[in-house]
Amino acid sequence: MPKIQILPEEIRSKIAAGEIVERPASVVKELIENAFDAKASFIKINLREGGIKEVSVYDDGEGIEPEDLKICYKHFATSKIKTLSDVFKIVTFGFRGEALASISQVSKMTILSKHADYDSAYEIRVEFGKEIYFKPAHLNKGTLVKVEDLFLNLPARKAFLKTPRTETFKIMEIIRGLSLCSPETKYQVKSIDENKENTLFFWEGGNERELLSYIIRLEKSFFKELHFEHPPYSIFLLLTDTSKTFSHTKYLYFLINKRWIKDEKLTKMIINALKPFYGNLGFPAGIVSIKAPYHLVDVNVHPAKWEIRFKDEKTLFLALNKALEEFFSKKTFYYEREKHPFSQQIKEDIPLDYPQEVSPFHLERKPLFISSDFKKPSHKYLGTFLNTYLLVEKEENLYIIDQHALSERIIYEDLKRNFSKCLSQELLIPVLLNISCDPSEFEEKRKILHSMGFELEFLENNKIILKKIPSIFKIDIKDILEKILEEPFPNLDELKIEVLRRYACLLARKKGDILSEREIDFLIEKFFSENLQTCPHGRPIYIKLSLKDIEKDLRRR
Ligand SMILES: Nc1ncnc2c1ncn2[C@@H]1O[C@H](COP(=O)(O)OP(=O)(O)OP(=O)(O)O)[C@@H](O)[C@H]1O
Ligand SMILES: [Mg+2]
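Here the structure is a predicted model, which is why all the values come from computation and not from measurement.

Observations concerning the overall build of the protein
Reasoning step 1: Broken down by element type, the protein carries 15 helices and 24 strands.
Reasoning step 2: Looking at the protein as a whole, 34% of its 557 residues are labelled buried.

Shown next as structure tokens:
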């Protein structure tokens, strides 16, 4: 008996809505994007119960004509594209005509709108996809979209929502990021609960630097900016330099053609470009904004429009690298940093208003790569195979060097060198380690770790608290400690060195990481000058093929 059936429209719509509307924050994102497309200069948002009970977004944009209002909540109803070719050069935030359709399928939605060509405003009410009424209304300008009782018709989905407080937090993250797409716009965001109003965001319009400073609560003067042209790309950087870094990337916003993007591949690429400049100091706060010709980017790749594809990522990476070199005036590479007056580096690890995801540690980390003189190389870098193996020619030999193993060894040597000089540092908030281990075995390991500068305390119920760590490490050492305390160690003399080895591995460049040319030069120079042979665990770093070997294999000899 045949098993396949075409799902009825009712179910199809709900499934499609799930792709776009995951939680109140997704509703807010779509409605703000619509307001941007309507050229609003003021956006006002009210939230009830973290947006679960109600999200209202008012904008003073161009409004919707009554005929359009009647159909704007239908599937594929859009004014933004007309032909298939438009999909490949999208200039607006929206383009699918699906946001209002999706929202209206899973909520009670009311839209009031006044278009300049009409004397009156109109209002439409749609409950869970069905039109309830359409009538004249009162509104002087723009559009007000009110979304009530989200997921009331889908209890299973509603059950996935978090507390109103967490949902508000997620909404605010979206508002912060999106506001940077249009800093000249005015924003007002309020939560209204039990007749108590609370202003969560208030912005009167300004430039990127001012808005960023408001969002991150960081003095404007910390941000440096650069406009950099590298056809076909225009790059705008507004970043903190090495004097103000963070242990997370939460304050870094990536905009592509003014669209805020959260794309894993792109993020990795940008982080890779930033790494040689910020090294182990962490990450900057700020904006990396790239303008590219619309036909070179594909925005139609993710249901919530978070991701993007570039036609030519390599050129973009090079452009970004050049922009960063210019931003740092070719000076502050991490292995050269000692030469520069960054003696008063402030390390800020505590986000001010992100209570749920706070990283409560405040530690200094010295740059690991420091080298003062950079000699002219006697080798030639030929390229990188599969973003993993550096190919280098030197004196009729071809070296195939494992970038991870080499970077790991260099960091390991640096850790060893700097370790004896570093102090033990108290954590602002002690950390609970997530392990279970035998108290007597723990005691032996604890003594060794204590001699390194770690302070661990065994509490009742098998709980272990980490109170101090050597200043050379950051709190990411926690995972390594947990493993080391749990694993059996036949030779405890190895324990100290194993901590350094594993930390070096954690910090090192990985297989597949794209490195800048400056960093590659640095790694190769170190490789030859220090005659490095193996990674800290004893794996070889390279393979050497002599011209003789190659010719023999090719039967030239
Ligand atoms: N705030 C607004 N002001 C003016 N017009 C609006 C507003 N919100 C929606 N519209 C109109 O309603 C249409 C449908 O909106 P909807 O968000 O569903 O789709 P879209 O923005 O075209 O595409 P996407 O699904 O990618 O967001 C829009 O194309 C636009 O014409
Ligand atoms: Mg839209």
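Examining helix α10 (residues 403–419)
Reasoning step 1: Between the first and last C-alpha of α10 there are 24 Å, a value that for 17 residues agrees with the 24 Å anticipated at 1.5 Å per step.
Reasoning step 2: When you tally the buried positions in α10, you get 12 out of 17 residues, the bulk of the element.
Reasoning step 3: When we look at burial in α10, the residues that qualify are Gln403, His404, Ala405, Leu406, Ser407, Glu408, Arg409, Ile410, Ile411, Tyr412, Asp414 and Leu415.

Things to note about the site of ligand 1
Reasoning step 1: Inspection of the region around ligand 1 gives 26 residues, with Ala38, Thr78, Ser79, Gly94 and Ala99 positioned closest.
Reasoning step 2: Elements supplying a minimum of two residues to the shell around ligand 1: α2 (24–37) and α4 (99–105).
Reasoning step 3: Element by element, the count of residues in the shell around ligand 1 is highest for α2, at five residues.
Reasoning step 4: For the shell around ligand 1, the class distribution of residues is nine nonpolar, eight polar and nine charged.

Some points on the pairing of strand β9 (residues 223–230)
The two faces of a sheet get side chains in turn, since along a regular strand they alternate between them.
Reasoning step 1: Where β9 lies against strand β10 (residues 233–240), eight bridges are found, and the strand directions are antiparallel. The residue of β10 that forms the bridge with Lys224 is Leu239.
Reasoning step 2: Between the antiparallel neighbours β9 and β10 lie two residues.

Quick notes on the environment of Thr166
Reasoning step 1: Looking at the secondary structure, you find Thr166 in helix α6 (residues 164–179).
Reasoning step 2: The spatial distance from the C-alpha of Thr166 to the C-alpha of Ala156 is 19 Å, given a sequence separation of 10 residues.

Let's talk about the nonpolar core
Reasoning step 1: Membership of the largest hydrophobic core comes to 89 residues, with the highest contact counts inside it found for Val28 and Val57.
Reasoning step 2: Residues from two domains meet in this core; each of domain 1 (9–206) and domain 2 (209–357) gives at least three.
Reasoning step 3: Those residues in contact with Val28, other than ones at most four positions away along the chain, are Ile45, Gly51, Val55, Val57, Ile171, Ile174 and Ile175.
Reasoning step 4: One finds Tyr399, Ile469, Val499 and Ile541 within the second-largest nonpolar core, a separate group that totals 31 residues.

Structural notes on the packing of helix α12 (residues 477–486) against helix α13 (residues 495–507)
Reasoning step 1: Look at α12 against α13: their axes get within 10 Å of each other, and the N-to-C directions meet at 140°. Between α12 and α13, the crossing angle belongs to the class labelled oblique. Regarding α12 and α13, the two cross each other, and that crossing is right-handed. Contacts between α12 and α13 pair Ile477, Ile480 and Ile484 from the former with Leu495, Glu498, Val499, Arg502, Tyr503 and Leu506 from the latter.
Reasoning step 2: Residues of the contact of α12 with α13, tallied by class, amount to seven nonpolar, no polar and two charged.

Side note on the sheet that holds strand β2 (residues 54–59)
Reasoning step 1: Ordered in space as β5-β4-β3-β6-β2-β1-β7-β8, the eight strands form an open sheet in which the pairing is mixed. A single partner strand is all that each edge strand has here, and the edge strands are β5 (130–137) and β8 (196–203). On average, each strand axis in the sheet is tilted by 10° relative to the strand beside it, whichever way the strands run.
Reasoning step 2: Those strands touched by α2 are β1 (42–48), β2 and β6 (142–148), and its axis lies near 10° from that of β2.

With respect to the environment of Ile235
Reasoning step 1: Structurally, the position occupied by Ile235 is in strand β10.
Reasoning step 2: Each C-alpha atom of the pair Ile235 and Glu67 lies 41 Å from the other, and the pair is 168 residues apart in sequence.

Considering unusual backbone geometry
Reasoning step 1: Residue Pro231 is joined to Pro232 through a cis peptide bond whose omega torsion reads 5°.
Reasoning step 2: Along the polypeptide, Pro232 turns up in the loop between β9 and β10.
Reasoning step 3: Backbone geometry places Phe128, a non-glycine residue, at a positive phi of 45°.
Reasoning step 4: Within the element layout of this structure, Phe128 appears in the loop between β4 (121–127) and β5.

Describing the packing of α2 against α6
Reasoning step 1: α6 packs onto α2 with a crossing angle of 25° between their chain directions and a minimal axis gap of 8 Å. Taken together, the axes of α2 and α6 lie roughly parallel to each other. For the pair α2 and α6, the crossing hand works out as right-handed. Where α2 abuts α6, its residues Pro24, Ala25, Val28, Lys29 and Ile32 lie against Glu167, Lys170, Ile171, Ile174, Ile175 and Leu178.
Reasoning step 2: Along the lines of polarity and charge, the residues of the contact of α2 with α6 split into eight nonpolar, no polar and three charged.

Examining the domain arrangement of the protein
Reasoning step 1: Once the domains are mapped, the protein shows domain 1 (9–206), domain 2 (209–357) and domain 3 (375–557).
Reasoning step 2: Taken over C-alpha atoms, the centre of domain 1 sits 49 Å from the centre of domain 3.

So, helix α11 (residues 439–452)
Reasoning step 1: Compared with the 20 Å implied by 1.5 Å per residue over 14 residues, the 20 Å span of α11 between its first and last C-alpha is a close match.
Reasoning step 2: Of the residues trailing α11, Gly453 is marked for its positive phi of about 115°.

Topic: the sheet that holds strand β12 (residues 252–256)
Reasoning step 1: The strand order β9-β10-β14-β12-β13 describes an open sheet built from five strands, whose pairing is mixed. Every interior strand has two partners, whereas the edge strands, β9 and β13 (259–261), have only one. Across this sheet, the average inter-strand angle for adjacent strands is 20°, counted without regard to direction.
Reasoning step 2: In the packing of helix α9 (residues 313–327) onto the sheet, the strands contacted are β9, β10 and β14 (286–291), and the crossing angle to β9 comes to about 135°.

Re the pairing of strand β24 (residues 542–546)
Reasoning step 1: For β24, the tally of buried residues reaches only zero of five residues, placing the bulk of the element at the surface.
Reasoning step 2: Note that strand β20 (residues 397–402) and β24 share five bridges and pair antiparallel. In the strand pairing of β24, Ile401 is matched with Tyr542.

Some words on the confidence of the model for the protein
Reasoning step 1: Looking at the protein, the pLDDT average stands at 86 and 91% of residues meet or exceed 70.
Reasoning step 2: Low pLDDT, under 50, characterises residues 330–374; the stretch is placed with 83 contacts to residues that sit more than four places away or in other chains.

Calculation criteria
- Residues numbered from 1 in each chain as written.
- Chains lettered and ligands numbered in written order.
- Predicted model: local features only at pLDDT ≥ 70, side-chain atom pairs only at ≥ 80, totals over all residues.
- Helix = DSSP H or I, 4+ residues; strand = E, 2+ residues; numbered from the N terminus.
- Buried ≥ 20, exposed ≤ 12 C-beta atoms within 10 Å, placed from the backbone.
- Expected span 1.5 Å × (residues − 1).
- Near = placed C-beta within 6 Å.
- Nonpolar A, V, L, I, M, F, W, Y, C, P; charged D, E, K, R; others polar.
- Pairing = 2+ DSSP bridges.
- Core = buried A, V, L, I, M, F, W, Y, C linked by C-beta atoms within 7 Å.
- Domains from an automatic or database assignment.
- Contact = placed C-beta atoms within 7 Å.
- Axes fitted to C-alpha atoms, helices over the stretch in contact; angles between N-to-C directions.
- Parallel < 35°, antiparallel > 145°, perpendicular 65-115°, else oblique.
- Left-handed = near helix turned anticlockwise from the far one by under 90°.
- pLDDT = per-residue confidence, 0-100.

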